[in-house]
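Structural overview
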Amino acid sequence: MTAVIFFFAAAFALGGALGVVLSRNPVHSALWLVVTLLAVAVFFIQQQAPLLAAVQIIVYAGAIVVLFLFVIMLLGVDREESLREPIPFQRPAALALGAIVLAEVLFLAGHQWATGKTADSLHNIKGGATDLGGNVERVARSLFTDFLWPFEITAALLVIAVVGSVLLARRSGQPAQASIEPPSESTVQ
Amino acid sequence: MTITSTYYLVVAAGIFTIGAVGLLVRRNVIVMFMCVELMLNAANLTFVAFARALNDVRGQALVFFTLVVAAAEVAVGLGIIVAIFRRRRGATADDLDLLKDKAA
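Cut-offs applied
- Residues numbered from 1 in each chain as written.
- Chains lettered and ligands numbered in written order.
- Predicted model: local features only at pLDDT ≥ 70, side-chain atom pairs only at ≥ 80, totals over all residues.
- Helix = DSSP H or I, 4+ residues; strand = E, 2+ residues; numbered from the N terminus.
- Buried ≥ 20, exposed ≤ 12 C-beta atoms within 10 Å, placed from the backbone.
- Contact = placed C-beta atoms within 7 Å.
- Expected span 1.5 Å × (residues − 1).
- Arc of directions from axis to C-beta.
- Core = buried A, V, L, I, M, F, W, Y, C linked by C-beta atoms within 7 Å.
- Axes fitted to C-alpha atoms, helices over the stretch in contact; angles between N-to-C directions.
- Parallel < 35°, antiparallel > 145°, perpendicular 65-115°, else oblique.
- Nonpolar A, V, L, I, M, F, W, Y, C, P; charged D, E, K, R; others polar.

Another point: the overall build of chain A. The helix and strand inventory of chain A stands at eight helices and zero strands. Start at the N end of chain A and walk to the C end: the helices and strands fall as α-α-α-α-α-α-α-α. Taking all 189 residues of chain A together, the buried fraction comes to 29%. Here the contacts in chain A between residues at least 6 apart in sequence split such that 53% fall between residues at least 24 apart.

To continue, consider helix 7 (residues 148–169) of chain A. Residue and element names in this part refer to chain A. Over its 22 residues, helix 7 extends 32 Å from the first C-alpha to the last, a length consistent with the 32 Å expected when each residue adds 1.5 Å. For helix 7, the set of buried residues is Ala161, Val162, Ser165, Leu168 and Ala169. Buried positions in helix 7, seen along its axis, are confined to an arc of 135° and lie on one side of it. Exposed side chains of helix 7 directed beyond 90 degrees from the buried face belong to Leu148, Trp149, Glu152, Ala155, Ala156, Val159, Ile160 and Val163.

With that settled, consider the environment of Leu40 of chain B. Residues and elements named next belong to chain B. Relative to the helices and strands, Leu40 is located in helix 2 (residues 29–53). Its 21 C-beta neighbours within 10 Å are what place Leu40 among the buried residues. As for Leu40 and Thr6, which are separated by 34 residues in sequence, their C-alpha atoms are 19 Å apart. When neighbours within four sequence positions are excluded, Leu40 is seen to be in contact with Thr66 and Ala70.

Here we take up the nonpolar core. Ranked by size, the top nonpolar core spans 75 residues in total, and within it Ala12, Met34 and Ala71 of chain B carry the most contacts. At 17 residues, the largest contribution of residues to this core is made by helix 2 of chain B.

Residues and elements named next belong to chain B. At a minimum axis separation of 9 Å, helix 2 and helix 3 (residues 58–87) run at an interaxial angle of 175°. Our classification of the angle between helix 2 and helix 3 gives roughly antiparallel. For the pair helix 2 and helix 3, contact is made by Val29, Ile30, Phe33, Glu37, Leu40, Ala43, Asn44, Phe47, Val48, Phe50 and Ala51 and by Gly59, Gln60, Leu62, Val63, Thr66, Ala70, Val74, Gly77 and Ile81, respectively. Within the contact of helix 2 with helix 3, the residues separate by chemical class into 14 nonpolar, five polar and one charged.

In structure tokens form, the structure reads like this:
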């Protein structure tokens, strides 16, 4: 059963990723991105990270993709992209580089010298991949003890990002009007 | 059959590669941004897979920071895109060559 769900979700994740890249229309790309994000959320649930699955859906599908669609509609850039290649051999070169990247990452995923141990053998550590039970409590404890200082810095990062996007969206030489950027992602975080 | 962490790592590698190739191939700035999101998601998936394999919840905590960076990046990036599109409509990434030496 787990395997069936995994392979379904994997097909959706990879298919959605291909859809993002291959769609001519940016709106379709955004919708394919949602497919991939939901499939990754399924992976999170399977990996005993239900909190992250919820956050993934709320922040990514709820805030970030909506922001993408907002900007696409505001700017009216949902025209089809021309197939003309401005740089010769750009696509073949990109595909070749992509093949190299894939080979590298797969090599790293399966090899001991990169990860310390092969991923499969890690299941024997400390009684194996046991239940990360009480997931929210454990994540919160880690976030507010081990990562307290980085956590505070990300708060500053978000404030800087909001101020920056408001400043960018403002028409120069005019007083600040209704900002184009909805502050949704800052409130969700 | 049991699904081990390697399966998740392979899927994450696939998503990352598709995102990287998309970033190189596409010229629509917004779609390029979505490809960056794909790559960040692949990194998140790797974090969670290792968090489970190592039985260490800190991998899941790190995903939060990736999420925050992704949200901040999208906010600022889309702000820049809006500012650019207000000046010149329908610009692709290749048209934004203000810093290029035209004489060369």
